[in-house]
Amino acid sequence: KGELVTCSKDTNSELFFAVLGGLGQFGIIIRARIALKPAPKRVKWIQMLYDDFSTFSRDQEHLISINGLDYLEGSLLMQNSSPNNWRSSFSPSEYPRISSLISKNGIIYCLEVVKYYDELTSHTVDEELQELLKGLNFLPGFVFTKDVSLVDFLNRVHSEELNLRAKGLWDVPHPWLNLFVPGSRISDFNSGVFRDILPKINQTTGTFLIYPVIRNKWDDRTSAVIPDEDIFYTVGLLHSSGADDWEPLENQNKEILKFCDKAGIKIKRYLSRYTTKKDWMNHFGPKWRTFEDRKAQFDPKMILSPGQQIFNSV
């Protein structure tokens with residue numbers, strides 16, 4: 001009806017949860033109130049390299065199961081990727097050693113963790129980090145530590161943006177593929193996608209991210225759809241391409257989806273794009289009926305987001 005409605009977990013809660021992850025189907029968020037708290041001053045930023053995926057994923061899952069770290073992310077360093085993909089993350093003096101390691105293994109897995117601190121905790125942060133990282137099985141000699149301001153850490157992508165803009169590589173097609181992968185099948189995904197499909201492209205430009213998420217951190221009342229497992233992985237294949245060579249990357253994305261379907265890996269696509277009602281029903285699974293009921297309640301004339309073809313497809 002075009003009315004302005006204020007929502008929260010307690011007020012108009014059905015609409016509140018419907019809109020979160022609702023792909024624009026139930027309402028347009030025009031204002032949000034977000035709680036703030038004092039920001040820390042500095043960051044201890046540690047990167048660790050692995051040559052074995054099962055060890056890498058096991059350490060990631062261990063770290064998200066404990067309290068104390070403020071940030072965790074995993075990424076791939078690949079032999080067929082542009083060296084610029086990873087060099088901005090490491091000191092130039094380490095390039096030869098890391099490059100040799102990548103050449104030897106084809107793929108190296110990088111685990112990044114962060115601990116925030118300020119004047120009150122500066123004398124204990126190193127000891128706390130050592131305790132948190134105790135027992136991890138990263139490659140000896142391949143641990144890199146930075147001490148930076150919080151602003152520099154949060155703004156780290158901007159420096160890479162400036163670098164790419166200077167080379168004319170920023171305003172280019174980005175055939176990205178973002179997936180949620182069940183934790184029980186992440187090893188199969190590594191074998192079939194990271195080690196088989198991705199290396200088929202002669203040289204890739206972009207960032208490949210992978211890190212685990214705990215399901216109980218998500219509120220199941222939202223419209224977002226995630227794998228039905230206690231731990232699942234966020235995988236971001238963040239390709240970039242020239243104006244005329246995006247199609248092989250798009251075809252590779254289709255090959256990855258086909259592989260997952262054939263292997264029975266029940267992925268969920270983030271910001272998915274389907275063209276049939278059957279595919280959308282399959283995507284939402286048990287949530288489809290709730291999603292459909294919410295549409296009838298909040299947008300019965302189906303005005304919002306028709307281009308996604310969720311309710312006006314065949």
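Residues numbered from 1 in each chain as written. Predicted model: local features only at pLDDT ≥ 70, side-chain atom pairs only at ≥ 80, totals over all residues. Heavy atoms only, no water.

Some words on the pattern of salt bridges
Point 1. Evaluation of the coordinates by the stated rule reveals 17 salt bridges.
Point 2. A salt bridge links Arg185 to Asp188, with the shortest nitrogen-to-oxygen separation between them at 2.6 Å.
Point 3. Judged by relative accessible area, which is 35%, Asp188 ranks as partly exposed.
Point 4. One salt bridge in this structure joins Asp299 and Lys295, with 2.6 Å as the shortest N-O distance. With respect to burial, Asp299 and Lys295 carry one shared label: buried.
Point 5. Here the salt bridges do not stand alone but share partners, grouping Arg42, Lys44, Asp126 and Asp147 into one network. (Salt bridge = Lys/Arg side-chain N within 4 Å of Asp/Glu carboxyl O. Buried < 20%, exposed > 50% of the residue type's maximum accessible area, 1.4 Å probe, protein only.)

With respect to the UniProt feature "transmembrane region" (unreviewed entry) in the chain
Point 1. Look at the UniProt record and you will see "transmembrane region" (unreviewed entry) annotated at residues 15–34.
Point 2. Across residues 15–34 one finds 25% helix and 0% strand; the C-alpha atoms that close the span lie 18 Å apart. (UniProt positions renumbered as here; feature names shortened; annotations may be inferred. Helix = DSSP H or I, 4+ residues; strand = E, 2+ residues; numbered from the N terminus.)

Quick look at the side chain of Arg294
Point 1. Take Arg294: it is sitting in helix α11 (residues 288–298).
Point 2. Residue classification places Arg294 among the buried residues on the basis of a relative accessible area of 6%.
Point 3. Residues contacting Arg294, with those up to four places away along its chain left out, are Glu14, Phe17, Ala18, Phe26, Arg221, Thr222, Ser223 and Asp299. (Contact = heavy atoms within 4.5 Å.)

Some words on a nonpolar patch on the surface
Point 1. Residues Leu4, Ile28 and Ile30 make up a contiguous nonpolar surface patch of roughly 370 Å² in combined accessible area.
Point 2. Turning to its location among the elements, Ile30 is positioned in the loop between α1 (13–19) and β1 (42–50).
Point 3. With relative accessibility at 63%, the residue Ile30 sits in the exposed group. (Patch = residues over 30% accessible without salt bridge, like charges linked within 9 Å, V, L, I, M, F, W, Y side chains within 5 Å. Areas by Shrake-Rupley, 256 points an atom, 1.4 Å probe, with all protein chains shown as cover.)

Structural notes on the nonpolar core
Point 1. Counting residues in each nonpolar core, the largest one holds 36 residues, and the members touching the most others are Phe189, Phe194 and Ile256.
Point 2. Take this core: its biggest share by element is 5 residues, from helix α8 (residues 186–197).
Point 3. Of all hydrophobic cores here, the second largest spans 13 residues; its members include Val225, Phe291, Ile310 and Phe311. (Core = buried A, V, L, I, M, F, W, Y, C linked by side-chain atoms within 4.5 Å.)

Examining the packing of α8 against helix α9 (residues 247–263)
Point 1. Running from N to C, α8 and α9 cross one another at 155 degrees; their axes reach a closest spacing of 11 Å. In this view, α8 runs roughly antiparallel relative to α9, as classed from their interaxial angle. Between α8 and α9 the crossing geometry is right-handed. Between α8, through Asp188, Phe189, Gly192, Val193 and Ile197, and α9, the contact on the second element is made entirely by Gln252, Glu255, Ile256, Phe259 and Cys260.
Point 2. For the contact of α8 with α9, the class distribution of residues is 6 nonpolar, 2 polar and 2 charged. (Axes fitted to C-alpha atoms, helices over the stretch in contact; angles between N-to-C directions. Parallel < 35°, antiparallel > 145°, perpendicular 65-115°, else oblique. Left-handed = near helix turned anticlockwise from the far one by under 90°. Nonpolar A, V, L, I, M, F, W, Y, C, P; charged D, E, K, R; others polar.)

Description of the domain arrangement of the chain
Point 1. You can read the domains of the chain as domain 1 (13–36 + 283–308) and domain 2 (42–269).
Point 2. Summarising the inter-unit geometry, the C-alpha centres of domain 1 and domain 2 are found 30 Å apart.
Point 3. Opposite the 11 residues of domain 1 that make contact, domain 2 presents 9 residues.
Point 4. Counting the surface lost from both domain 1 and domain 2, the interface buries some 850 Å², and carbon and sulfur atoms represent 51% of this.
Point 5. In terms of surface lost to domain 2, no three residues of domain 1 exceed Phe17, His283 and Lys287, which account for 68% of the buried area on that side.
Point 6. In this structure, the connection of domain 1 to domain 2 is made through 1 salt bridge.
Point 7. Across the pair Asp220 and Lys287 runs a salt bridge whose closest N-O atoms are separated by 3.7 Å.
Point 8. For the interface between domain 1 and domain 2, the tally reads 9 residue pairs in polar contact (both at pLDDT 80 or more).
Point 9. Those elements that place two or more of their residues in the side of domain 1 that touches domain 2 are α1, α10 (277–284) and α11.
Point 10. Taken together, the residues of the side of domain 1 that touches domain 2 sort by class into 6 nonpolar, 3 polar and 2 charged. (Domains from an automatic or database assignment. Buried area = accessible area lost by both parts, 1.4 Å probe. Polar contact = N/O pair within 3.5 Å; in protein donor to acceptor, adjacent residues only side chain to side chain.)

Let's talk about unusual backbone geometry
Point 1. Despite not being glycine, Leu271 shows a phi value in the positive range, around 50 degrees.
Point 2. With respect to the secondary-structure elements, Leu271 resides in the loop between β8 (268–269) and α10.
Point 3. Phi is positive for Ser305, which is not a glycine, with a value near 50 degrees.
Point 4. Mapped onto the elements of the fold, Ser305 is located in the segment after α11.

Things to note about the packing of aromatic side chains
One pair of aromatic rings is described through two measures. These are the centre distance and the angle between the planes.
Point 1. One pass over the full model with this rule turns up 22 aromatic pairs.
Point 2. Ring plane angle 75 degrees and centroid distance 5.3 Å describe the contact between Phe90 and Phe144, whose orientation is recorded as edge-to-face. Separated by 54 residues along the polypeptide, Phe90 in the loop between α3 (84–87) and α4 (95–105) and Phe144 in strand β4 (residues 143–149) bring together distant segments of the chain.
Point 3. Overall, the relative accessible area of 6% leaves Phe90 in the buried class.
Point 4. Centre to centre, the rings of Phe284 and Trp288 are 6.1 Å apart; their planes meet at 45 degrees, and the pair counts as tilted.
Point 5. You can call Trp288 buried: its relative accessible area is 6%.
Point 6. Linked through ring pairs, Phe26, Tyr274, Trp280, Phe284, Trp288, Phe291 and Phe311 together constitute an aromatic cluster.
Point 7. Sitting over the ring of Phe142, Arg97 keeps its end group 4.3 Å from the ring centre. (Phe/Tyr/Trp six-rings, centres within 6.5 Å; stacked < 30°, edge-to-face > 60°. Lys NZ or Arg CZ within 6 Å of the ring centre and 35° of its normal.)

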